[in-house]
Amino acid sequence: MDLHLEGSSATESLGRALARSLPHALRRSTPIGGATPGGAGAVLYLQGELGAGKTTCVRSLLRELGVAGLVRSPTYTLVETYTLADLTCVHVDLYRLRAATEVDELGLRDLAEPGCLLLVEWPEKGGAALPPADMELTLQYAGDARAAHLHAETPLGNLWLEKLGRDTSLSFYVSNLT
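First, a word on scope: everything that follows refers to the structure included in this document. Counting from 1, residues in each chain are numbered in the order their sequence is written. Only residues with pLDDT of at least 70 get local features here, since the model is predicted, and only at 80 or more are side-chain atom pairs given and counted; chain-wide, interface and lining totals rely on the full set of residues. In computing side-chain values, all of the structure's heavy atoms are included and hydrogens and water are not.

## Digging into helix α1 (residues 8-20)
Put simply, the rule is: Segments assigned H or I by DSSP are reported as helices when at least four residues long, segments assigned E as strands when at least two residues long, and all are numbered from the N terminus. To estimate the expected span of a helix, count its residues, drop one, and scale the result by 1.5 Å. Burial status follows relative accessibility: with a 1.4 Å probe on protein chains alone, a residue under 20% of its type maximum counts as buried, one over 50% as exposed, and anything between as partly exposed. In this description, contact between two residues means that some pair of their heavy atoms is separated by no more than 4.5 Å.
The end-to-end C-alpha distance of α1, which contains 13 residues, comes to 18 Å, matching closely the 18 Å that a straight helix rising 1.5 Å per residue would cover. Inspection of α1 places Ala 10, Thr 11, Ser 13, Leu 14, Gly 15, Ala 17, Leu 18 and Ala 19 among the buried residues, and these make up the whole buried set. Residues of α1 that are buried in the fold lie against β1 (2-5), β2 (42-48), α2 (54-65), β6 (135-142), β7 (145-152) and α5 (155-165).

Structure representation (structure tokens):
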């Protein structure tokens, strides 16, 4: 799916739509402290140059999912975790890493579990140490706007992208539905 995003409000709209289209199977079937987790976790890679809108997109996604309070950029902390009743969201920024081997110290593979949404900025810096993506989002400069390209990598990613394609709030931004 390709989108043309004019300004940060359009990037925020994409983040909200990604949250709304998140497959329900990802969510825990019982709240935190319950005994039975739900379906598999999900991994979204966010790629693009500095300032392309990766963190803006993630912030709006997290807000739409119900994260209240301050949503920090993990540029310096590397990992920020947000625990909701039926989902744990982990926002990771690997920009400052010098080697893919540093990713192992973050324990990200352990986080790709049922009821967890892993949002990874700069995944190319993590290499094979990262859990594989279900979906990839690439944001690129397109003049004063941004071009967004979403690509599914797994059946869960396909389901997520299919649901996203049905979100009418994005119809203004859609370049194509391929």
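## Here we look at the packing of α1 against α2
The test is simple: Every angle, taken between N-to-C directions, lies between 0 and 180 degrees, and every axis is a line fitted to C-alpha atoms, over only the stretch in contact when it is a helix. Note on terminology: angles under 35 degrees are roughly parallel, angles over 145 are roughly antiparallel, angles of 65 to 115 are roughly perpendicular, and the others are oblique. Working rule for handedness: look at the near helix, and if it is turned counterclockwise from the far one by less than a right angle, call the crossing left-handed; if clockwise, right-handed.
Running from N to C, α1 and α2 point in directions that differ by 45°, and their axes come no closer than 7 Å. As summarised for this structure, α1 and α2 are arranged oblique, according to the angle between their axes. For the element pair α1 and α2, the recorded crossing hand is right-handed. Judged by residue contacts, Ser 8, Thr 11, Glu 12, Leu 14, Gly 15, Arg 16, Leu 18, Ala 19 and Arg 20 of α1 engage Thr 56, Cys 57, Ser 60, Leu 61, Glu 64 and Leu 65 from α2.

## Thoughts on the pairing of β2
As a reminder of what qualifies: Here a strand pair is declared whenever DSSP counts at least two bridges between the two strands.
Most of β2 is tucked away, with seven of its seven residues classed as buried. Neither face of β2 is exposed, since Ala 42, Leu 44, Leu 46 and Gly 48 on one face and Val 43, Tyr 45 and Gln 47 on the opposite face are all buried. One ladder, built from five bridges, connects β2 with strand β5 (residues 116-121); its direction is parallel. Bridge assignment links Leu 46 to a residue of β5, and that residue is Glu 121.

## Concerning the pattern of salt bridges
Oppositely charged side chains can pair when the atoms bearing their charge come close. Selection rule: Definition used for salt bridges: Asp or Glu carboxyl oxygen within 4 Å of a side-chain nitrogen of Lys or Arg.
The tally for this structure, following the rule as stated, stands at three salt bridges. In this structure, Arg 20 and Glu 64 form a salt bridge, with 3.7 Å as the shortest nitrogen-oxygen distance. Taken together, the residues span a long stretch of sequence, with Arg 20 in helix α1 and Glu 64 in helix α2 at a distance of 44 residues. By relative accessible area, Glu 64 is classed as partly exposed at 36%. Through salt bridges with shared partners, a single ionic network connects Arg 20, Glu 64 and Asp 167.

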